[in-house]
Each structure stands twice: as structure tokens, then as C-alpha cells.
Amino acid sequence: METQSEDKSVRVPVRDMPVEEDLWQRYKAERGVWTEPMLAALEGGMKERKWYSLSDKVCADSTLELAWAKVLDNAGACGVDGITVERFAKDIQSRQPVVKRHLSEGTYQPKPVKRVWIPKPGSAEKRPLGIPTVVDRIVQTALKMVIEPIFESCFHPQSYGFRPGRGCKDGLREVWRLLKGGHEHVVEIDIRKFFDNISQDRLMKLVQERIADKKVLRLIKVFLEQGVMEGTELMKSETGTPQGGVISPLLANIYLDPLDWKMSEAGFKMVRYADDMVVMCRTAEEAQIALETISGWMEGNGLALNEEKSHVIDMTQHNSHFDFLGYRFKQTNNGLRKYPRPKSIQKLRQTIKPLTRRNSGKSLEEICQIINPILRGWYGYFKQAGRSDLQTIDSWVRGRLRGILRKRRGGRGRGRGSDHQRWPNRYFTELGLFSLKSAFETELASLRNGANC
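Residues numbered from 1 in each chain as written. Predicted model: local features only at pLDDT ≥ 70, side-chain atom pairs only at ≥ 80, totals over all residues. Heavy atoms only, no water.

Its 22 residues give helix α16 (residues 387-408) an end-to-end C-alpha distance of 32 Å, which sits within 8% of 32 Å, the value for a rise of 1.5 Å per residue. Of the positions making up α16, those classed as buried are Leu 390, Ile 393, Asp 394, Trp 396, Val 397, Arg 398, Leu 401, Arg 402, Gly 403, Ile 404, Leu 405 and Arg 406. Looking one or two residues beyond α16, the residue adopting positive phi is Gly 410, at roughly 95°. (Helix = DSSP H or I, 4+ residues; strand = E, 2+ residues; numbered from the N terminus. Expected span 1.5 Å × (residues − 1). Buried < 20%, exposed > 50% of the residue type's maximum accessible area, 1.4 Å probe, protein only.)

This is how it looks when you write it as C-alpha cells:
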């Protein structure tokens, strides 16, 4: 791809520049979508310049094929057109050329997003979930793969959400490091309906600072305006980003990146994951200024803070706490601790309960095989919680399984009393049940042995 810029200054030809392997990871660039000359241009001077010729990359066969492979791998429900991933796969040879033609001609028009409501963990409320059509997911994936490296090259390092080589655990480690380093006045930020209230005009202006390809800009714009279908009612989208859209996290990062830079330039230590963020400060005065700074930025950019949930926490006070990315950070008699927040535990229990009903007709071995991946995944994220927190979850899971065995013997209620002797912990270990505490102790022993070598 040939890149152009209004800046006519002479620079080293990009084809002569070596491209290091880690650049592909750093900018989340996909082979078959990006090329080495494009990546070298990004690294060698294009970070602050506009990209003009991108639409040909979006509709390239290699890009669409890779996008389809990603959508197929993720599966998911059908959108408003009722076409499932499986059905689309059967007609891929006839459908893909039509998509390519509309993208090439700049006439692609997405369908509205189907809105469904799902339970909100720890609340009686429900939250909306948007389901784009399969073809829209393919096009959004193709679009994202083409434009993401351009913006990734200039995002601030204090954002961790939906970025290459970064994730929740990195953000949590940074929060813990800052807490232990004396940043004990924490500004907890909650944006009211962030994804619904993003100003589309402001977002497009930010996109246009880096992209000048008219077809790509139009494609982003039509996705922003595609609307939402709930039942038979169509609601137009005048604000916000596509619900459930593949490209929504990237657009959110684009919108909030100026805030990242503003806070950093003012000297604040902010940790952000998408629209979840905390500012770590050394004094109460600094924290209050940070809160006012963010509030002012939100007001000037079409957003508003949830005042009930946006406040300063003094973590030097006993029992003070704040929640971030599923963890609770708390000041206890034994010092700072972090463990799964109550809603995280409740969500796990709500997932496990339907799979461990007392009237289940499955064998205990089958049930263990079903819930083990859930427990392993939960452990993988919350293993920093500590042995006692993990043991509590283990005990609860075994109690659910004892309840099944108790009912099969004609008993009522949960497993208790003599049930613990009848079916001791080792009984479930022999069945193959994953134990969070055992996994923690095994990993801890491995680390100690490695340190002693």
C-alpha cells in the first residue's frame, strides 16, 4: 500500500527499513492484512500522519477470509436477519463476493443491531446486549484489523483494555504497585452509560486525524448510525458506538485516549481499562483535583460521571476499599489485601448453580468435567486472591456436589454433617474435580522450588 501525507518532507523509503518481529505484536498487525512496508512506515515516521489508501485493504480477499475465520471461531448468535454462523458458512462462496463488491464500491450498509437483555450479576437489573449480523461482524473485524495498528501506535501506555500485549492483569498489577508505592488516595471513576453517550461527531473527528480514506470513514460512520432493533421497534443511533460490535472497544479507546494524555501530562497516575478507570494519588488534595479534572473533561466531551459511584477513597483508613476489574482492594488489620469482589464470586456461583442442581441426571464425573473449565478459568484470573478465598470456593462447590449425592440417597437439603465423612474431599479429587486451593499450592511450590534452584 502506498501511504501519502500532506507533509512532503523527504524520508527513508519504507521498503528499505527492516521490520522487527515484535512490531507485529506491538501494533496488533495481522499478516495478510498489513504488509512489512506499511508496518515500517508506521514505525518510521507515520505515527502522526494521515493514512489515505486503506479501503483496498478492507475488501481484500485475504482480509475478508481472515475476518470470516475469526467470526467463525467466535461463533455467537444470529442478528436481526436470522442468519446463523453455520448457515452463513454454507453460503460463503456466494455471500462473500457480494460483501466484497459493496465494500469496493463504498455502498455497504449494515443492518440494525439486535438488542436482547441479559441478567446483570449482583443486581435485579438487566443490561442490554447487542448482536450484529454475521456479515456485519465480518466487515467490522476486517475494518478493525486494517485501522487498529494506526491508532495503537499512538495510544497512551496507561490504557490496558483490548490492546495487544496488555490486559486486566497488567492493569491490576499497576494498581497494586502504585498502592504499595504510597498512592493511597484513589479516585474511582464511573461514566454514566459511556458506550451509549459517545458523541459520534467528536469520535469521527478523532478518527479523521489519522485516516483520510473516504470509504473507510464512511464505513465507520454507517456502523455508528446503524441503529438498534428491539423486537419490531427500530431505534436510530444518534449517539454511541455499535452495541456488541467488534469495533466498539477500539472506538472507545480512540475516544478516551485524549483523556489518558491529559491526565498523564498533568502528572496523574491513571489506570484505564476501556471505560473502567482509577486515578492513584499520594494526597487527598491531589485526588480531588484529579476528580475535578476528569469531570470537566467529561462535560466537555459529551459524557457525564455517575456522581454516586465517582469519588475519592482514602486507602489509609481501616476497612476502606475500592473495586477494579473484578478485584476488591481493601485496607485491613493485616495491611492491604486484594481478593475477588463479592459480585465476582456471585457471578461464579450463578454460573455453577444450574450445572449442579440436586436433581441432575448426570454422573458426578460428567458434572466435574463440565464445571472444571469454569473453575480453571476463574482460578486463572483470581489466583492472586490467596489460599483462604480459593478454599471458600472449593468448599462451596463440593457442598453443591454433596447435595446431589445426598438427594440420591433420599436425603433433603444441602450436604452437611455426616455427608463430609461419607464423601470426604479426597472423594471429589478422585472424581477429577478441579481444586482452586490445590492449584494455588502446586503453583506456589513450583515457584519456591524454582527460586531455590
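On to the packing of helix α10 (residues 200-208) against helix α12 (residues 248-265). Remark: α10 packs on α12, axes separated minimally by 10 Å, with the N-to-C direction vectors making an angle of 85°. By the angle between their directions, the pair α10 and α12 is classed as roughly perpendicular. Residues Arg 202, Leu 203, Leu 206 and Val 207 of α10 form the contact with α12, whose participating residues are Leu 251, Ile 254, Tyr 255 and Pro 258. Counted by class, the contact of α10 with α12 contains seven nonpolar, no polar and one charged residues. (Axes fitted to C-alpha atoms, helices over the stretch in contact; angles between N-to-C directions. Parallel < 35°, antiparallel > 145°, perpendicular 65-115°, else oblique. Contact = heavy atoms within 4.5 Å. Nonpolar A, V, L, I, M, F, W, Y, C, P; charged D, E, K, R; others polar.)

Let us look at the sheet that holds strand β8 (residues 311-314). Read from one edge to the other, the open sheet built from four strands follows the order β6-β7-β3-β8, with strand pairing classed as antiparallel. For this open sheet the edge positions go to β6 (269-273) and β8, each flanked by a neighbour on one side alone. Strand-to-strand twist across the sheet, computed as the mean angle between neighbouring axes with direction ignored, equals 20°. In terms of strand pairing, β6 meets strand β7 (residues 276-281) through five bridges, oriented antiparallel. (Pairing = 2+ DSSP bridges.)

Here is a general trend for soluble globular proteins: nonpolar side chains tend to be buried in one another's company. If you look at the biggest cluster of nonpolar residues, it comprises 76 residues, and the most contacted ones within it are Trp 34 and Ile 147. The dominant element in this core, judged by the number of residues it contributes, is helix α7 (residues 134-152), at eleven residues. Leave out the neighbours within four places in its chain, and Ile 147 touches Ile 211, Val 216, Ile 220, Ile 247 and Leu 250. Counting 44 residues, the second largest nonpolar core, distinct from the first, contains Leu 172, Tyr 273, Phe 382 and Ile 404. (Core = buried A, V, L, I, M, F, W, Y, C linked by side-chain atoms within 4.5 Å.)

Strand order in the open sheet formed by three strands is β9-β10-β11, and the pairing between neighbours is antiparallel. At either end of the open sheet lies a strand with only one pairing partner, and these are β9 (321-324) and β11 (335-340). Direction aside, the axes of adjacent strands within the sheet are offset by 20° on average. Examined bridge by bridge, strand β10 (residues 327-332) and β11 share six bridges and lie antiparallel to one another.

What follows deals with the packing of α12 against helix α13 (residues 284-300). The N-to-C vectors of α12 and α13 enclose an angle of 150°; their axes lie 11 Å apart at closest approach. In this structure, the crossing between α12 and α13 has a hand that is right-handed. Where α12 abuts α13, its residues Tyr 255, Leu 256, Pro 258, Leu 259, Lys 262 and Met 263 lie against Ala 290, Thr 293, Ile 294, Trp 297 and Met 298. Split by residue class, the contact of α12 with α13 holds nine nonpolar, one polar and one charged. (Left-handed = near helix turned anticlockwise from the far one by under 90°.)

Now for unusual backbone geometry. Although it is not a glycine, Lys 28 adopts a positive phi angle of roughly 55°. For Lys 28, the position within the fold is in the loop between α1 (21-26) and α2 (36-43). According to the relative accessible area criterion, Lys 28 is partly exposed, its value standing at 31%. One non-glycine residue, Asn 319, lies in positive phi territory at about 70°. Residue position: Asn 319 is located in the loop between β8 and β9. Judged by relative accessible area, which is 41%, Asn 319 ranks as partly exposed.

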